[in-house]
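Structural description and commentary
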Amino acid sequence: MKINEVAKLSGVTVRTLHYYDQIGLLHPSETTDAGYRIYNAKDLETLQQILFFKELDFPLSDIKEIMSSEGYDRHDTLIKHMELLVQKKKRLDTLIATLEAAIQQEHHVDFHAFDMSEFNELKEKYATEVKERWNETDAYKESEQKTAGYDDVQWNILKGEGAEILKLFGQNRHLRPDSSEAKKLVKRWQTYITLNFYNCTKEILSCLGLMYINDERFTKNIDQNGKGTAQFMSKAIDYYCNDK
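So, a few notes on the structure that sits alongside this text.

The rules behind these values
- Residues numbered from 1 in each chain as written.
- Predicted model: local features only at pLDDT ≥ 70, side-chain atom pairs only at ≥ 80, totals over all residues.
- Heavy atoms only, no water.
- Core = buried A, V, L, I, M, F, W, Y, C linked by side-chain atoms within 4.5 Å.
- Buried < 20%, exposed > 50% of the residue type's maximum accessible area, 1.4 Å probe, protein only.
- Helix = DSSP H or I, 4+ residues; strand = E, 2+ residues; numbered from the N terminus.
- Contact = heavy atoms within 4.5 Å.
- Phe/Tyr/Trp six-rings, centres within 6.5 Å; stacked < 30°, edge-to-face > 60°.
- Salt bridge = Lys/Arg side-chain N within 4 Å of Asp/Glu carboxyl O.

**What about the nonpolar core?**
Counting 45 residues, the largest nonpolar core has Leu-17, Tyr-20, Trp-189 and Tyr-212 as the members making the most contacts within it. At seven residues, the largest contribution of residues to this core is made by helix α12 (residues 229–241). Not counting the four nearest positions on each side in its chain, Tyr-212 is found in contact with Trp-189, Phe-218, Thr-219, Ile-222, Ala-230, Met-233 and Ile-237.

Below is the structure:
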């Protein structure tokens, strides 16, 4: 199945599928001589599990760690997903009931439904169990070394002159992401990275744009310049990289 077909079937954008391939989360089983990515049934199962994790608010870094672990078991994972989703459904049902009560009773106040502690505790326990099974393996240590080095570069990008450019993205976040002003900012960002760190091609820049909204650490940092800055920046990068 070609990448456009997978995108249509799953609701995941082609750009996101490219990003998953780039970060090693989901590689297509085949790439043709013409450069087309081909996904088989096993790849689709993997994508489904990734989407289950995302539905449960797992960050991509944790999803990759869990699914790459030597102790990873698909059937066991599906059972864990079910437990977590049932817990999430229970909380949503409570929220709906609380909202109905608030509609019927003007001064009704109940904060119990907003308590995420039980769900978060179960999710954290699951992630911790998997990491504990994996963290002594060579694969984990290699991954940690690569991730640490990569993060160092990315965090440095967000400092100094980079911080000034991010501030401008924040100040202009209410503009259209395909506006000429947004494109100038993206071009300045790309040039800044190339001059100070590495050759930032459009392909690399596109992946960075996705990272800014898919990695909550970067989203939080960038959004210090105003809520929605990371989303605006990511969309502006997308338009810039796909501009013919």
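**A short note on the packing of aromatic side chains**
Within this structure, the stated rule accounts for four aromatic pairs. Ring centres of Trp-189 and Tyr-212 lie 6.4 Å apart, and the angle between their planes is 75°; this geometry places the pair in the edge-to-face category. Within this pair, whereas Trp-189 is found in helix α9 (residues 180–196), its partner Tyr-212 is found in helix α10 (residues 202–214), the two being separated by 23 residues in sequence. When sorted by exposure, Trp-189 lands in the same class as Tyr-212, which is buried. With 6.4 Å between their ring centres and 45° between their planes, Tyr-212 and Phe-218 make a pair best called tilted.

**Here we look at the pattern of salt bridges**
Evaluated as defined, the whole model comprises four salt bridges. A salt bridge links Asp-238 to Arg-15; its shortest N-O distance comes to 3.3 Å. Of the two residues, Asp-238 is situated in helix α12 and Arg-15 in helix α2 (residues 14–22); the sequence distance between them amounts to 223 residues. Asp-93 is the salt-bridge partner of Lys-89, the closest N and O atoms lying 3.1 Å from each other. Residue Lys-89 and its partner Asp-93 are both found in helix α5 (residues 74–104); the two are separated by four residues, about one turn of the helix. Taking the relative accessible area as the measure of exposure, Lys-89 reaches 51% and is therefore exposed.

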